[in-house]
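As a plain string of letters, each chain reads:
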Amino acid sequence: AVYLLTFFCFELGSAAEAAAGADAAPGSSGGSDVDADCDSPYWFRVRAALSGRGPRSFRLGSDGGPTNFTLARLAAEEHESETASRGDSAGCEVGRFLLSVWRLVRSGAEERAWNLQQSFGKGFYVLPWRPQPDWPIFRALARLRAVALRDAAGTYVARRCEQLEANSASATAAEDELMQALQVAGPIALLSGATAGSRFLLHASPSSACPLAIAAAYWALAGSLLATAGSVAASAGSGGDKERAVEVEVGHLIRLGEEAAKSWQTQRLPFLDLLVGAWPLWDIASQIEEYYLQPPLQSRRASGRTLKTAPVSAAPAPPLGAQGASVVDPREPVCPRGPGREALARGLERQRVEVIVVYGRCDRVKILHRYLLRNLRINGGVVDRVHFVVFAAMQEDLEYLQQLVADHGPVYNIPQVTGRRLAKIYSVCEDPDTVYIKIDDDVVFLADEALPNMVRERLRGRCGLVSANVVNHAILSAVHQDVGAIRNFFMPPDDWVAAEENVGSKDWRKPRWLHSDEGLAMGVIMKQAQSQCVWAMWECGAWMHESFLSRLADGTDCAYDFGWHDFHAHGHGNFRGDRFVPLAYTRWSINLIAFKKEDLAEARAADLAEDDEAELSVMVHHRMGKRACAVGHALAVHFSYSRQDDGIMENTDLLARYDALSLELAAAPEVPPRR
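Keep in mind it's a predicted model, so treat the numbers as computed, not measured. (Residues numbered from 1 in each chain as written. Predicted model: local features only at pLDDT ≥ 70, side-chain atom pairs only at ≥ 80, totals over all residues. Heavy atoms only, no water.)

**Remarks on the overall build of the protein chain**
Assigned secondary structure in the protein chain consists of 25 helices and 13 strands. Counting only residues that meet the buried cut, the protein chain has 53% of its 675 residues in that class. Long-range contacts, defined as pairs at least 24 residues apart, comprise 80% of the intrachain contacts of the protein chain with a sequence gap of at least 6. Of the roughly 30300 Å² that the protein chain leaves accessible, carbon and sulfur atoms contribute 53%. (Helix = DSSP H or I, 4+ residues; strand = E, 2+ residues; numbered from the N terminus. Buried < 20%, exposed > 50% of the residue type's maximum accessible area, 1.4 Å probe, protein only. Contact = heavy atoms within 4.5 Å. Areas by Shrake-Rupley, 256 points an atom, 1.4 Å probe, with all protein chains shown as cover.)

If you want it as structure tokens, here you go:
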């Protein structure tokens, strides 16, 4: 019955179409030129980033949108274009709108609300509301609607456009049925919405019904027809004229819905009311758009027109020979996609894991917090509880911590501790069966597999303390250099710095280091705990970070995976008389370690209080006759040593970049606030 009603509506549309000329199919170039002024190299790169067809350096989040890291890179490129007066970033209204939507999606609730409650979205009404594979507008709008509706209650008022006086009782009932049908999540909403939409369009009068309901009905019909036609074509191999006819009908229905929705703009609702209103227009449009973003429809659309692609320089041809194109550069590995988060936690369901954060600086912990949330067991991770042990903090840091614990307790807590100075960190460790993970507060990146793999290694029992594979680490950075993971980066010339200062740049605009693997590295990283590079020099720390971020951006971060490293492969040290002197490279940084209570049995409280690193990394293992190790497939990033910190903060934008990188995890479910 629904499809008889559907085709009845199509026939009415087709008659009007025959008189007015054929509508362009969705995803085609017909009608308004949505790509106007979008032909510059900059907008080619933006298009690639937003559609997912660009290089791996343009990363998409799990919701199909650009990450904060990608948005920040595009913003920096736009600034460079404007500074160089190339004009590459001028024009392209659809690109600008799409970027602004994703920035709102990634921003905080307060910033998002302020922008939406101003005049945001006015320009959207002059754009054609059609699915465009090059510019997936509706995916972004559906995501913005979802995050806006999750903002604090009362932030927005969700309105449902009122019925006009002349509307009939049957039309009102049909509209209520349509609204209810569209509340179903997922593609099934298109099918149930099409049934209710057909009935609504038969009873409603355009002059008396809510225009947004009319738009929702037309779009539900369009999506249902597209889904059904796609299934039939896939099973029967049909195509050609019939497929084209279906797409034209879909385009006509989309246009009718667009006209209805836009007509309401001049009467009642601005962009915000349309976004958070009761009618889920953008959810419906997003589902339609997805058909044009996925094969085989996307490939068929591409065969009917020439999709614009970014101009790229030709890569050198692989050397001729038996292997030819299959040759892989060992320094540019092809990193396999890791297992899902569910698989990472499998087998550890009954193993209790508690994290101890050595707390002092809220600007670092704001970043670490996002990774901790993702690793909580209630969010699919392995961590049961997080203890914040305050070592040294200012008043504002303490206030932030108190609020953080209040919001995320009882999983987050500030425990009662005993002992002096650094020894109090380990007084939390009372359960012999729990695996404890001690994390410095300036760990600013944590791969999903890091904590599960550290826990598994500790449970194997072959090591005492188990370290993550830490970037900017006094010993492991030398290992990274040995295996070829570290790329060469160099400080920008002084005139670059001056030029940036002249334009009053913000953190994002600080001059970036220059990448060049042509010659020798900036320096040799000594395999020694307190060497000049990396421990003492901020320049070496910045180099480590720039190398890692470049690897992460192009998907070659598995180059850092050294497998397994024994910190004490050559022993622990030697005696000079009665005095034990550790080897220079047997002390190692304990920025992120896994251990059990038994590993602290040989620790001397007085020595632990003064220098827990020396006591745990060397002396305890020497007394126990055990080794400590690091797991290569447990990647993490340590921001700075004390002697690096001032230089990195004053001369780089690295903390802001790690903050943006961590924000892509903001969509992960959080611990419910304490009631």
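Back to the write-up after that little detour.
**So, the pairing of strand 11 (residues 579-582)**
Bridge count for strand 10 (residues 573-576) against strand 11 is four bridges, and the pairing is antiparallel. Pairing of Asn-574 across the sheet is with Val-581, part of strand 11. (Pairing = 2+ DSSP bridges.)

**Focus: the pattern of salt bridges**
By the definition in use, this model includes 30 salt bridges. With its nearest N and O atoms 2.8 Å apart, the salt bridge here joins Arg-130 to Glu-258. Of the two residues, Arg-130 sits in the loop between helix 5 (109-116) and helix 6 (137-150) while Glu-258 sits in helix 10 (residues 241-263), which places them 128 residues apart along the sequence. The exposure class assigned to Glu-258 is buried, which follows from its relative accessible area of 6%. The salt bridge partner of Arg-460 is Glu-457, with a shortest N-O separation of 2.7 Å. With a gap of three residues between them, Arg-460 and Glu-457 both fall in helix 17 (residues 450-460), about one helical turn apart. Glu-457 gets classed as buried once you look at its relative accessible area, which sits at 2%. (Salt bridge = Lys/Arg side-chain N within 4 Å of Asp/Glu carboxyl O.)

**Some details on the state of the cysteines**
Counted under the stated rule, the structure contains four disulfides. Paired through a disulfide, Cys-335 and Cys-558 show a sulfur-sulfur distance of 2.0 Å. Residues Cys-335 and Cys-558 share a disulfide whose torsion about the S-S bond is about -85°; that sign makes it left-handed. Of this pair, Cys-335 sits in the loop between helix 13 (297-304) and helix 14 (341-345) while Cys-558 sits in the loop between helix 21 (538-554) and strand 9 (564-566), and the two are 223 residues apart along the sequence. Across the disulfide from Cys-533 sits Cys-540; the S-S distance is 2.0 Å. With the S-S bond torsion at -115°, the cross-link from Cys-533 to Cys-540 turns out left-handed. Taken individually, Cys-533 and Cys-540 each receive the classification buried, so the pair is uniform in this respect. (Disulfide = S-S within 2.5 Å.)

**Here we look at the environment of Gln-287**
Tracing the chain through its elements places Gln-287 in helix 12 (residues 281-293). Overall, the relative accessible area of 19% leaves Gln-287 in the buried class. Sequence-wise, Gln-287 and Arg-139 are 148 residues apart; in three dimensions their C-alpha atoms are separated by 8.0 Å.

**Points about empty space enclosed by the protein**
Leftover empty space is mapped by rolling, across the atoms, a probe with the size of a water molecule. Applying the stated rule across the entire model yields six cavities of 30 Å³ or more. Taken as a whole, the largest cavity holds about 70 Å³ of empty space. Along the walls of the largest cavity sit Arg-341, Leu-344, Ala-345, Arg-374, Asn-375, Gly-380, Gly-381, Val-382, Asp-448 and Pro-452, which together make up its complete lining. Looking at the lining of the largest cavity, the elements that each hand over two or more residues are helix 14 and helix 15 (362-375). Counting residues per element, the lining of the largest cavity draws most heavily on helix 14, which supplies three residues. (1 Å grid on protein atoms, 1.4 Å probe; cavity = no way out; pocket = protein on both sides within 12 Å on 5 of 7 lines; lining within 4 Å. Points joined across faces, edges and corners; volume = space filled by probe spheres on them.)

**Observations concerning unusual backbone geometry**
Backbone torsion omega between Gly-409 and Pro-410 reads 0°, so that peptide bond is classified as cis. Looking at where Pro-410 falls in the secondary structure, it is placed in the loop between helix 16 (395-408) and strand 3 (412-413). Despite not being glycine, Arg-421 shows a phi value in the positive range, around 40°. Along the chain, the position of Arg-421 falls in the loop between strand 3 and strand 4 (435-440). Taking the relative accessible area as the measure of exposure, Arg-421 reaches 40% and is therefore partly exposed.

**Quick look at the packing of helix 15 against helix 25 (residues 654-663)**
Between helix 15 and helix 25, the shortest axis-to-axis distance is 9 Å and the interhelical angle comes to 25°. Here helix 25 runs roughly parallel to helix 15, going by the angle between their axes. Here the hand of the crossing between helix 15 and helix 25 comes out left-handed. Every residue of helix 25 that contacts helix 15 at Asp-363, Arg-364, Ile-367, Arg-370 and Tyr-371 is listed here: Leu-655, Tyr-658, Asp-659, Leu-661, Ser-662 and Leu-663. By residue class, the composition of the contact of helix 15 with helix 25 is six nonpolar, one polar and four charged. (Axes fitted to C-alpha atoms, helices over the stretch in contact; angles between N-to-C directions. Parallel < 35°, antiparallel > 145°, perpendicular 65-115°, else oblique. Left-handed = near helix turned anticlockwise from the far one by under 90°. Nonpolar A, V, L, I, M, F, W, Y, C, P; charged D, E, K, R; others polar.)

**Comments concerning helix 6**
Under the 1.5 Å per step criterion, the end-to-end length of helix 6 is 20 Å for 14 residues, consistent within 8% with the ideal 20 Å. Here helix 6 has its buried residues at Ile-137, Phe-138, Arg-139, Ala-140, Leu-141, Ala-142, Arg-143, Leu-144, Arg-145, Val-147 and Ala-148. (Expected span 1.5 Å × (residues − 1).)

**Side note on the nonpolar core**
As a rule of thumb, soluble globular proteins bury nonpolar side chains together. Ranked by internal contacts, the top residues of the largest apolar core, which has 79 residues, are Phe-388, Tyr-412, Phe-548, Leu-592 and Tyr-658. The dominant element in this core, judged by the number of residues it contributes, is helix 21, at nine residues. Among all residues touching Leu-592, those that are not within four sequence positions of it are Ile-437, Lys-438, Ile-439, Leu-446, Leu-451, Met-454, Val-466, Ser-467, Ala-468, Val-470 and Ala-636. Judged by nonpolar contacts, the second largest core, of 77 residues, contains Cys-210, Tyr-218, Leu-226 and Ile-254. (Core = buried A, V, L, I, M, F, W, Y, C linked by side-chain atoms within 4.5 Å.)

**Quick word on the confidence of the model for the protein chain**
Chain-level statistics for the protein chain give a pLDDT mean of 78 and a share of 75% at 70 or above. Confidence drops under a pLDDT of 50 for residues 231-238, and excluding neighbours within four residues, the segment shows four contacts in the predicted structure. Here residues 495-509 scores under 50 on pLDDT; set against residues more than four positions off or in separate chains, the count is 16 contacts. (pLDDT = per-residue confidence, 0-100.)

**Remarks on helix 7 (residues 169-181)**
The terminal C-alpha atoms of helix 7, which comprises 13 residues, lie 18 Å apart, in line with the 18 Å expected from a rise of 1.5 Å per residue. All buried positions along helix 7 are accounted for by Ala-171, Ala-174, Glu-175, Leu-178, Met-179 and Ala-181. Down the axis, helix 7 shows its buried residues gathered within 160° of arc, on one side only. Facing away from the buried side of helix 7 by more than 90 degrees, the exposed set consists of Ala-169 and Gln-180. (Arc of directions from axis to C-beta.)

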